[in-house]
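The residues making up each chain are set out below.
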Amino acid sequence: MRQLLPEPWSRHLAGEFEQTYMSELCAFLDGRKAEGKTIYPAEENRFAAFNETPFESVKVVILGQDPYHGANQAHGLSFSVLPGQKIPPSLRNIYKELHADLGVEIPEHGCLSSWAKAGVLLLNATLTVEEKTPGSHQGQGWESFTDAAIRLLSEKREHLVFMLWGKFAHSKADLIDADRHLILKTTHPSPFSAHRGFLGSAHFSKANEYLIANGYDPIDWSLGSVRPQLQLGLD
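Note that the structure is a prediction, hence the values are computed from the model and not measured.

Asks: Can you help me understand the overall build of the chain in this one?
Replies: Looking only at helices and strands, the chain features 8 helices and 6 strands. The globule rule puts the C-alpha radius of gyration for 235 residues at 18 Å, and the 17 Å found for the chain is close to it. Counting across all 235 residues of the chain, residues that qualify as buried make up 54%. Expressed as a percentage of contacts within the chain between residues at least 6 apart in sequence, the contacts between residues at least 24 apart total 69%. Accessible surface, the chain: about 10700 Å² in total, of which carbon and sulfur atoms supply 48%. Taking the average location of the 22 positive side-chain charges in the chain and that of its 28 negative ones, the two points are 4 Å from each other.

Following this line, the structure appears as structure tokens:
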């Protein structure tokens, strides 16, 4: 899988591909595919977060837990769906908070690629899932890999913003040096919890204020319009 990871991510994370957990993860994925299971996102998109946001371009990290498990939804970016797909409830709340915080117009699509290109690493802790089976690839090794990526950013970069939404994301705070970076915590944007802290958190403006104070350009959180497309070549 390393060939799907761009430089310098690939160089920095090379040691992970030599670990036992990675060979076991590859065997697991090959086995599930051989059994006829449909795996999302498509293989070429599993490392999309790293491909769309180069290591040296990362300014903000938004951590999700699991890819979407429906057809033509997941494309390798946390909380994001392919153009033309229905906007998931959590993302609708993200848009609602973004509008309340910064006045950003709420888009009619759920594709966050422009955020990724602007320096927002949209990273799921688990990078694959089986169709209609949420959480099906948790505990198979992906978390070790994505934890390594978070530690790498914490150790090698300075003054990044880590947005940790929900209890699962909060558990990753120990991987981050709070003296070097800004950690923003609140509830998950899910309809079940957004009203308990996420809505009104002002994370987007707080992130930009921190970035500006530390010499970075702020993130352009606007999304504009995109052309619908279909996800092809599914596993």
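Resuming the write-up.
Asks: Sorry, what's going on with the sheet that holds strand 6 (residues 182–186) here?
Replies: Working definition: the strands of a sheet are paired by backbone hydrogen bonds and lie parallel or antiparallel to each other. Taken together, 4 strands build an open sheet; the order of strands is 3-2-5-6 and the sheet is parallel. Looking along the sheet, the strands with just one partner apiece sit at the ends: strand 3 (120–124) and strand 6. Neighbouring strand axes in the sheet, compared pairwise and without regard to direction, differ in orientation by 20 degrees on average. Along the sheet, helix 6 (residues 142–156) contacts strand 2 (60–64), strand 3 and strand 5 (161–165); its crossing angle with strand 3, the most-contacted strand, is approximately 150 degrees.

Asks: Please explain the pattern of salt bridges as it appears in this structure.
Replies: When their charged atoms lie close together, side chains carrying opposite charge are able to pair. For the structure on display, the rule yields 6 salt bridges. A salt bridge links E130 to R32, with the shortest nitrogen-to-oxygen separation between them at 2.7 Å. In this pair, E130 sits in strand 4 (residues 129–130) while R32 sits in helix 2 (residues 20–34), placing the two residues 98 residues apart along the sequence. Owing to a relative accessible area of 6%, E130 belongs among the buried residues under this scheme.

Asks: Looking at this model, I keep getting lost on the packing of aromatic side chains. Mind explaining?
Replies: Remark: the centre distance and the inter-plane angle together describe each pair of aromatic rings, the angle taken between the planes. Enumeration over the complete set of coordinates arrives at 14 aromatic pairs. Judged by centre distance (6.3 Å) and plane angle (70 degrees), the ring pair of W165 and F204 falls under edge-to-face. Taken together, the positions of W165 in strand 5 and F204 in helix 8 (residues 203–213) put the pair 39 residues apart, joining distant regions of the chain. Looking at W165, the relative accessible area reads 2%, which means it is buried. Ring centres of F204 and W221 lie 4.9 Å apart, and the angle between their planes is 75 degrees; this geometry places the pair in the edge-to-face category.

Asks: Any chance you could explain helix 4 (residues 89–102) here in plain terms?
Replies: Every α-helical turn comprises 3.6 residues, leaving residues that sit three or four positions apart pointing alike. With 14 residues, helix 4 ought to run about 20 Å at 1.5 Å a step, and its terminal C-alpha atoms sit 20 Å apart, in line with that. Residues S90, L91, N93, I94, Y95, E97 and L98 constitute the buried set of helix 4. In the segment just after helix 4, G103 is the residue with positive phi, at about 75 degrees.

Asks: What is the right way to read the environment of I106 from this model?
Replies: Topologically, I106 is positioned in the loop between helix 4 and helix 5 (113–117). Among the residues examined, I106 registers a relative accessible area of 44% and is labelled partly exposed. Residues contacting I106, with those up to four places away along its chain left out, are Y95, K96 and H99.

Asks: I'm lost on the pairing of strand 2 in this one. Help?
Replies: If a strand is regular, its side chains alternate between the two faces of the sheet. Among the 5 residues of strand 2, 5 are classified as buried, and the element is accordingly described as predominantly covered. Sheet topology places strand 2 next to strand 5; 3 bridges connect them, and they run parallel. Note on strand 5: the bridge partner recorded for I62 is M163.

Asks: What's the story with helix 6 in this structure? I'm lost.
Replies: The terminal C-alpha atoms of helix 6 lie 21 Å apart, and with 15 residues this matches the ideal 21 Å at 1.5 Å per residue to within 8%. Of all 15 residues in helix 6, 11 are buried, a share of seventy percent or more. Taken residue by residue, helix 6 has W142, E143, F145, T146, D147, A148, A149, I150, L152, L153 and S154 as its buried positions. Buried residues along helix 6 sit in contact with helix 1 (9–12), helix 2, helix 3 (48–52), strand 2, strand 3 and strand 5.

Asks: Please clarify how the nonpolar core should be interpreted in this entry.
Replies: Residues W9, I62, W115, F145, M163 and W221 are the most contacted members of the largest nonpolar core, which totals 69 residues. Once residues lying within four places of it in the same chain are set aside, the contact partners of W221 are V60, I62, L98, L102, V104, W115, V120, M163, F204 and N208.

Cut-offs and rules
- Residues numbered from 1 in each chain as written.
- Predicted model: local features only at pLDDT ≥ 70, side-chain atom pairs only at ≥ 80, totals over all residues.
- Heavy atoms only, no water.
- Helix = DSSP H or I, 4+ residues; strand = E, 2+ residues; numbered from the N terminus.
- Rg over C-alpha atoms; globule rule 2.2 N^0.38 Å.
- Buried < 20%, exposed > 50% of the residue type's maximum accessible area, 1.4 Å probe, protein only.
- Contact = heavy atoms within 4.5 Å.
- Areas by Shrake-Rupley, 256 points an atom, 1.4 Å probe, with all protein chains shown as cover.
- Lys, Arg positive; Asp, Glu negative; His and termini not counted.
- Charge placed at Lys NZ, Arg CZ, Asp CG, Glu CD.
- Pairing = 2+ DSSP bridges.
- Axes fitted to C-alpha atoms, helices over the stretch in contact; angles between N-to-C directions.
- Salt bridge = Lys/Arg side-chain N within 4 Å of Asp/Glu carboxyl O.
- Phe/Tyr/Trp six-rings, centres within 6.5 Å; stacked < 30°, edge-to-face > 60°.
- Expected span 1.5 Å × (residues − 1).
- Core = buried A, V, L, I, M, F, W, Y, C linked by side-chain atoms within 4.5 Å.

Note that all results are geometric; they support no functional claim without further evidence.
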